[in-house]
Amino acid sequence: MYQVIIETEEGETVSFECGPSEDVISAGLRQSVILLSSCRAGGCATCKGECTDGDYELVDAKVQALPPDEEENGMVLLCRTYPRSDLHILVPYTHDRISFEAIQTNWIGEIKIYDKVSSNVVRLVVQVLTADGSAPIALNFKPGQFIDIEIPGTHTKRSYSMASVSGDCLLEFFIRILPDGAFSKFLTNEAKIGMRINMRGPAGSFGLHENGMRPRYFVGGGTGLSPVLSMIRQMKKEGDNRPAKLFFGVNRCDELFYLDELKSLRDGMSNLDVLVAVVEGAERKDVAHGTVIDLLREELLIRAADPDIYLCGPPGMIDAAFAAAAAAGVPREQVYQEKFLASG
């Protein structure tokens, strides 16, 4: 048996034994150390960490969850990591997100709102119910986390970030409709008000970091708006008055959604600014022409202080945002990301 030491963001540690034939996540579960994970199959990146000491074998990690450059730099997926010596692993979340007792992760949800809010986005609001489905229940989660939703009558699940805040009975999602997407076909052809669905979670390590009064920039591409909107709403709920900017971008005008609600959120938060960009066909005075990264670059040029930057969107947007931040001199450790991964 080898000793695995998990070190969290604030430097706290937890340790447990792990045999050479079991992965780190499974070994932790066996000893009631429940680390963040979701798919347990090397595909979602929820359990990503950095191994700073020790030897291991990484088995069947999907490239979209762990790109080759990250793997070369010592990043691992704990559900796919098998020790070959004692290990020391850094995880990108705080100690309070590690659980030491079994927690409920399977839920029943009832569709309360189904609304197509743009040419390619559906707003889905789901009420969380008790295990027997008899009454609403509040679901606690960290802003930035996601839920796995199962397509009724199948074992197929898809992961979607909440746009709502923790502690509510209603979960709000923005879901992009894809021509050949399994969940998209369900939404288009079968979903209806009152339908019940199985859910699992919450999961994910993307979330807010406490760094004093440092400004926060939130960048959402398309439905990547969801987790950053949850973070901003959490700031409002807690009365957090540090400076914040939301950058929201889509490709075409007909893909814009939720602008009136974003304006209302901005009007209710004196510390929040909202900037919107469209690549093609921007015709509104309150919408800039170009990419969301163009907006980010412009604001970084006139910033008063280096912000923490929270990113959610497709890989191309994420990579461009990292490049813009680096060019502006923002330390890499102040940029946090959640990439869209391929369906399935």
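What counts, and where the lines are drawn
Residues numbered from 1 in each chain as written. Predicted model: local features only at pLDDT ≥ 70, side-chain atom pairs only at ≥ 80, totals over all residues. Heavy atoms only, no water. Pairing = 2+ DSSP bridges. Helix = DSSP H or I, 4+ residues; strand = E, 2+ residues; numbered from the N terminus. Axes fitted to C-alpha atoms, helices over the stretch in contact; angles between N-to-C directions. UniProt positions renumbered as here; feature names shortened; annotations may be inferred. Parallel < 35°, antiparallel > 145°, perpendicular 65-115°, else oblique. Left-handed = near helix turned anticlockwise from the far one by under 90°. Contact = heavy atoms within 4.5 Å. Nonpolar A, V, L, I, M, F, W, Y, C, P; charged D, E, K, R; others polar. Core = buried A, V, L, I, M, F, W, Y, C linked by side-chain atoms within 4.5 Å. Buried < 20%, exposed > 50% of the residue type's maximum accessible area, 1.4 Å probe, protein only. Domains from an automatic or database assignment. pLDDT = per-residue confidence, 0-100. Disulfide = S-S within 2.5 Å. Buried area = accessible area lost by both parts, 1.4 Å probe. Salt bridge = Lys/Arg side-chain N within 4 Å of Asp/Glu carboxyl O. Polar contact = N/O pair within 3.5 Å; in protein donor to acceptor, adjacent residues only side chain to side chain.

*Asks:* Sorry if this is basic, but what is going on with the sheet that holds strand β11 (residues 157-161) here?
*Replies:* Strand-to-strand pairing in sheets goes through backbone hydrogen bonds, with the strands running parallel or antiparallel. If you trace the 6 strands from one edge of the open sheet to the other, you get β11-β10-β13-β8-β9-β12, paired in antiparallel fashion. Each end of this open sheet is capped by a strand with a single partner; those strands are β11 and β12 (170-176). Averaged over all adjacent pairs, the angle separating strand axes in this sheet is 40°, with direction ignored. When strand β8 (residues 106-116) meets strand β13 (residues 196-203), the two strands line up antiparallel, connected through 5 bridges. Within the sheet, the bridge partner assigned to Ile108 lies in β13 and is Asn198.

*Asks:* I'm lost on the UniProt feature "domain: FAD-binding FR-type" (unreviewed entry) in the chain in this one. Help?
*Replies:* UniProt feature "domain: FAD-binding FR-type" (unreviewed entry): in the numbering of this structure it lies at residues 104-209. End-to-end, the C-alpha atoms of residues 104-209 are 25 Å apart, and along that stretch the chain is 8% helix and 42% strand.

*Asks:* Would you mind going over the packing of helix α6 (residues 292-301) against helix α7 (residues 315-327) with me for this structure?
*Replies:* If you want to describe how two helices pack, look at the angle between their axes and the distance between the axes. The interhelical angle for the contact between α6 and α7, taken along N-to-C directions, is 15°, at an axis separation of 10 Å. By the criterion of interaxial angle, the relationship of α6 to α7 is roughly parallel. Crossing hand, α6 versus α7: right-handed. On α7, the residues touching Val292, Ile293, Leu296, Arg297 and Leu300 of α6 are Met317, Ala320, Ala321, Ala324 and Ala325. Of the residues contributing to the contact of α6 with α7, the split by class is 9 nonpolar, no polar and 1 charged.

*Asks:* Looking at this structure, how should I read the nonpolar core?
*Replies:* Taken as a class, soluble globular proteins show a tendency for nonpolar side chains to be buried jointly. Counting 30 residues, the largest nonpolar core has Phe218, Leu246 and Phe248 as the members making the most contacts within it. Ranked by residue count, the leading element in this core is helix α4 (residues 225-238), at 6 residues. Counting residues domain by domain, this core receives three or more from each of domain 2 (106-203) and domain 3 (216-339).

*Asks:* Can you walk me through the confidence of the model for the chain in this structure?
*Replies:* Note that predicted coordinates carrying low pLDDT should not be read in detail. Across the chain, pLDDT averages 92, with 98% of residues at or above 70. Across the chain, strand β7 (residues 87-90) holds the top mean pLDDT of 98, while strand β19 (residues 335-339) sits lowest at 85.

*Asks:* Where do I start with unusual backbone geometry in this structure?
*Replies:* Of all residues except glycine, most have a negative phi; of all peptide bonds, most are trans. Here the amide bond leading from Gly201 into Pro202 is cis, since omega sits at 5°, within 30 degrees of zero. A positive phi angle is found at Tyr258, which is not glycine, with a value near 65°. Mapped onto the secondary structure, Tyr258 falls in the loop between β15 (244-252) and α5 (259-267). The buried category is assigned to Tyr258, whose relative accessible area is 11%.

*Asks:* Explain the state of the cysteines to me, please; I cannot follow it from the model alone.
*Replies:* Chemically, a disulfide is nothing more than a covalent bond linking the sulfur atoms of two cysteines. Per the counting criterion, the structure on display carries 0 disulfides. Cysteine Cys51 is unpaired, with the sulfur of Cys18 as its nearest cysteine sulfur at 12 Å. By relative accessible area, Cys51 is classed as buried at 11%. Unpaired in terms of disulfides, Cys312 finds its nearest cysteine sulfur in Cys44, a separation of 14 Å.

*Asks:* Sorry, what's going on with the domain arrangement of the chain here?
*Replies:* How big an interface is tends to be reported as the loss of accessible area on association of its parts. Looking at the assigned domains, one finds that the chain contains domain 1 (2-97), domain 2 (106-203) and domain 3 (216-339). Contacts between the two partners involve 7 residues from domain 1, matched on the other side by 6 residues from domain 2. Across the interface of domain 1 and domain 2, roughly 450 Å² is buried in total on both sides, 45% from carbon and sulfur atoms. Of all residues in domain 1, Ser38, Thr46 and Arg97 bury the most surface against domain 2, accounting for 71% of the area lost on that side. Asp96 serves as the salt-bridge partner of Lys142, at 3.7 Å between the closest nitrogen and oxygen. Applying the counting criterion to the domain 1 and domain 2 interface returns 0 residue pairs in polar contact (both at pLDDT 80 or more). When its residues are assigned to classes, the side of domain 1 that touches domain 2 shows 2 nonpolar, 3 polar and 2 charged.

*Asks:* Is there a simple way to think about the side chain of Glu299 in this case?
*Replies:* By the secondary structure assignment, Glu299 is in helix α6. Among the polar contacts made by the side chain of Glu299, one reaches the side chain of Lys245 at a distance of 3.3 Å. Among residues more than four places away in sequence, those in contact with Glu299 are Tyr217, Lys245, Phe247 and Leu275.

*Asks:* It is not clear to me how the sheet that holds strand β1 (residues 2-7) should be interpreted in this structure. Could you clarify?
*Replies:* The strand order β2-β1-β7-β3-β5 describes an open sheet built from 5 strands, whose pairing is mixed. Every interior strand has two partners, whereas the edge strands, β2 (13-18) and β5 (75-77), have only one. Across the sheet, the mean angle from the axis of one strand to that of its neighbour is 35°, orientation sign disregarded. When β1 meets β2, the two strands line up antiparallel, connected through 6 bridges. Bridging from a neighbouring strand, Tyr2 pairs with Cys18 of β2.

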